[in-house]
Amino acid sequence: GQSLRVVDDQVGSPTYAADLAGAIWHLVDADAAGTYHFCNEGICSWYQFAREILRQCGLTAELRPVTSREYPQKALRPAWSAMDTRLYREKTGQPVRPWPEALGRYLEQDPDLPA
């Protein structure tokens, strides 16, 4: 019965594990060496991520954005943890799926999640 309090001042790049596995395959296939970043395309805050999850699941809940200071955690999290996949795309020639689309694909895979 309480509102969901979700941090809105920490921004990152959501990553669907299946897309990451595919990216690793493409890097191996491209004989890539070195360090490559991979995540799904786009950035969002934890609040924006939670809002999209609720939307895609067709759920309604009171969602309240809060600051990191209002939501203390034992482990400090960076305010910006987004990644750049430019080198991955250049090396493999592969596009990167946008995170909302990847989230939808993930949600389709789990029959126990609401649709």
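Residues numbered from 1 in each chain as written. Predicted model: local features only at pLDDT ≥ 70, side-chain atom pairs only at ≥ 80, totals over all residues. Heavy atoms only, no water.

Notes on the packing of aromatic side chains
So, step 1. Taken as a whole and judged by the stated rule, the model has four aromatic pairs.
So, step 2. Between Phe38 and Tyr88 the ring centres are 5.1 Å apart and the planes differ by 75°, which places this aromatic pair in the edge-to-face class. Taken together, the residues span a long stretch of sequence, with Phe38 in the loop between α1 (17–29) and β3 (44–45) and Tyr88 in helix α3 (residues 86–92) at a distance of 50 residues.
So, step 3. Overall, the relative accessible area of 2% leaves Tyr88 in the buried class.
So, step 4. Between Trp46 and Phe49, the ring centres sit 6.3 Å apart and the planes meet at 70°, which makes this aromatic pair edge-to-face. Within this pair, Trp46 and its partner Phe49 are both found in helix α2 (residues 46–57), separated by three residues, close to a single helical turn.
So, step 5. Joined through ring pairs, the aromatic side chains of Trp46, Phe49 and Trp99 make up one cluster. (Phe/Tyr/Trp six-rings, centres within 6.5 Å; stacked < 30°, edge-to-face > 60°. Helix = DSSP H or I, 4+ residues; strand = E, 2+ residues; numbered from the N terminus. Buried < 20%, exposed > 50% of the residue type's maximum accessible area, 1.4 Å probe, protein only.)

Examining unusual backbone geometry
So, step 1. In this model, Asp31 sits at a positive phi of 55°, which is unusual for a non-glycine residue.
So, step 2. Looking at the secondary structure, you find Asp31 in the loop between α1 and β3.
So, step 3. Note on Asp31: relative accessible area 65%, which makes it exposed.

Section: α1
So, step 1. Spanning 13 residues, α1 covers 18 Å between terminal C-alpha atoms, matching the ideal 18 Å at 1.5 Å per step.
So, step 2. Of all the positions in α1, only Asp19, Ala23 and Leu27 are classed as buried. With its buried residues spanning 80° around the axis, α1 presents them on a single face. Exposed side of α1, more than 90 degrees from the buried face: Ala17, Trp25, Val28 and Asp29 are the residues found there.
So, step 3. Contacts made by the buried residues of α1 are with α3 and α4 (99–109). (Expected span 1.5 Å × (residues − 1). Arc of directions from axis to C-beta. Contact = heavy atoms within 4.5 Å.)

Geometric values such as these leave the question of function open.
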